[in-house]
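# Architecture at a glance
So you can see what is in the structure, the chains are spelled out below.
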Amino acid sequence: MEEWIDRVVKHDIIKSGLVLVAAGTRLDLTHMKLLEQHRVDFSELILLPYGAELAQRPPIKSMQQASSYSKGLFDDIKRTRKVPLMDIKNELIPLVSEIASYQSVFNLIELIKAKGEYTHQHNIAVGVISTMIGRWMELSESELTLLTLAGTLHDIGKVRVSDELLNKPGKLSAEEYGEIKLHTRHGYEILSETVGLNPRAALVALQHHERADGQGYPLKLRNSQVDPLSRIVAVADVFHAMSSKRPYHEALPFHEVVTQMRAGAFGELDSKVVNVFLEKLFVHLIGHQIKLTDGRWGEVVYLNPHDDLHPLVKVEETFVDLSQIRDLHILEIVL
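Residues numbered from 1 in each chain as written. Predicted model: local features only at pLDDT ≥ 70, side-chain atom pairs only at ≥ 80, totals over all residues. Heavy atoms only, no water.

## Observations concerning the domain arrangement of the protein
Segmenting the protein into domains produces domain 1 (2–48), domain 2 (60–282) and domain 3 (285–333). Of note, the centres of domain 1 and domain 3, computed from C-alpha atoms alone, are 19 Å apart. In this complex, domain 1 contributes 10 residues to the contact, which on the side of domain 3 involves 7 residues. Both sides together, the interface formed by domain 1 and domain 3 hides about 670 Å², and carbon and sulfur atoms give 58% of it. On the domain 1 side of the interface with domain 3, the three residues burying the most area are Leu 18, Thr 30 and His 31, jointly 48% of the side's total. For the interface between domain 1 and domain 3, the tally reads 0 salt bridges. (Domains from an automatic or database assignment. Contact = heavy atoms within 4.5 Å. Buried area = accessible area lost by both parts, 1.4 Å probe. Salt bridge = Lys/Arg side-chain N within 4 Å of Asp/Glu carboxyl O.)

## Considering unusual backbone geometry
For the peptide bond that leads from Tyr 217 to Pro 218, omega is 10°, which places it in the cis range. Among the structural elements, Pro 218 can be located in the loop between α10 (199–207) and α11 (228–243). A positive phi angle is found at Arg 39, which is not glycine, with a value near 55°. Locating Arg 39 in the fold gives a position in the loop between α1 (29–37) and β4 (47–48). The exposure class of Arg 39 is exposed, given its relative accessible area of 73%. (Helix = DSSP H or I, 4+ residues; strand = E, 2+ residues; numbered from the N terminus. Buried < 20%, exposed > 50% of the residue type's maximum accessible area, 1.4 Å probe, protein only.)

## Re the sheet that holds strand β7 (residues 312–315)
Sheet architecture is open: 5 strands sit in the order β8-β7-β6-β5-β9, paired in antiparallel fashion. The outermost strands of the open sheet, each flanked by one partner alone, are β8 (318–321) and β9 (330–334). Within the sheet, the average angular offset between the axes of one strand and its neighbour, ignoring direction, is 40°. Two strands pair when backbone bridges link them, and strand β5 (residues 289–292) and strand β6 (residues 297–302) are joined in this way by 3 bridges, in the antiparallel orientation. Its bridge partner lying in β6, Lys 291 is registered against Trp 297. (Pairing = 2+ DSSP bridges. Axes fitted to C-alpha atoms, helices over the stretch in contact; angles between N-to-C directions.)

## Topic: the pairing of β5
Side chains Ile 290 and Leu 292 project from β5 onto a buried face, and the interleaved Gln 289 and Lys 291 project onto a face without burial. If you look at the hairpin formed by β5 and β6, you'll find 4 residues sitting between the two strands, and Gly 295 has a positive phi there, around 95°. When β5 meets β9, the two strands line up antiparallel, connected through 4 bridges. The residue of β9 that forms the bridge with Ile 290 is Ile 333.

Structure, rendered in structure tokens:
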């Protein structure tokens with residue numbers, strides 16, 4: 001057993017449909033005992049020396065390039081009133097797809113959080129998260145390619161909203177909020193006029209703030225009336241927005257974002273998309289160091305199949321079952 005300690009798992013270790021150890025985890029004695037209990041055949045595992053690169057370096061440079069491209073794209077569209085579709089497909093979308101392929105999910109989520117300038121980082125992040133969800137939902141390659149493009153361009157209508165309003169700190173007035181909401185109609189108009197673009201991309205720009213119960217905007221459509229790609233982008237949009245620091249609010253803690261998404265606090269999202277997204281997120285939580293709301297640090301070692309938001313956590317030499325302590329939560333994930 002000792003020869004496997006400190007090795008790094010290249011792929012998720014799955015037994016009976018349950019992820020025991022997530023890809024990228026550095027094995028310790030606790031992991032080894034768990035794998036033995038589930039009778040995992042170690043000869044079938046791909047384990048790397050600690051410190052070895054798994055699939056690639058974190059795509060920091062690609063994220064910076066993509067965000068910079070997004071800013072330049074907005075400036076160009078404001079000036080020319082045209083969307084350079086071929087340039088976007090050839091230059092921007094490959095960057096977004098590359099970023100979304102990074103296998104360490106929580107490191108990726110931390111990387112794409114908006115911490116300073118929001119609008120253009122948000123455009124790329126929604127494209128990335130939408131692509132991740134699309135892969136997890138096993139969309140066809142053609143659907144996935146369209147989803148990446150539509151997710152990245154979902155807020156293109158904001159080119160017709162002033163930067164002063166987009167970046168305004170503090171609460172918006174009803175009139176200002178009404179102007180912001182027009183970005184969905186603006187986006188639809190801009191993308192509908194773009195030659196060679198699949199019309200569904202324009203629908204995503206129009207519909208990504210619609211909600212399943214008909215309480216969204218601009219048309220108050222219900223779930224069955226909303227394009228499936230729009231429903232995916234809506235989930236990605238909410239998750240990134242709530243996880244990021246914005247001009248008028250701080251980033252919410254992880255457990256609050258997840259809890260409120262499930263409770264419909266940001267509007268009723270497509271339940272199937274939310275479930276796939278959050279289930280996959282929690283699978284990748286295994287093996288991560290986390291900080292609890294009481295200030296202690298620990299490592300997630302096992303997911304509660306009936307309550308994934310409250311897993312089993314190893315804190316020093318003891319185990320804490322968060323499902324049994326309802327006022328204790330995961331405050332942040334340590335990368």
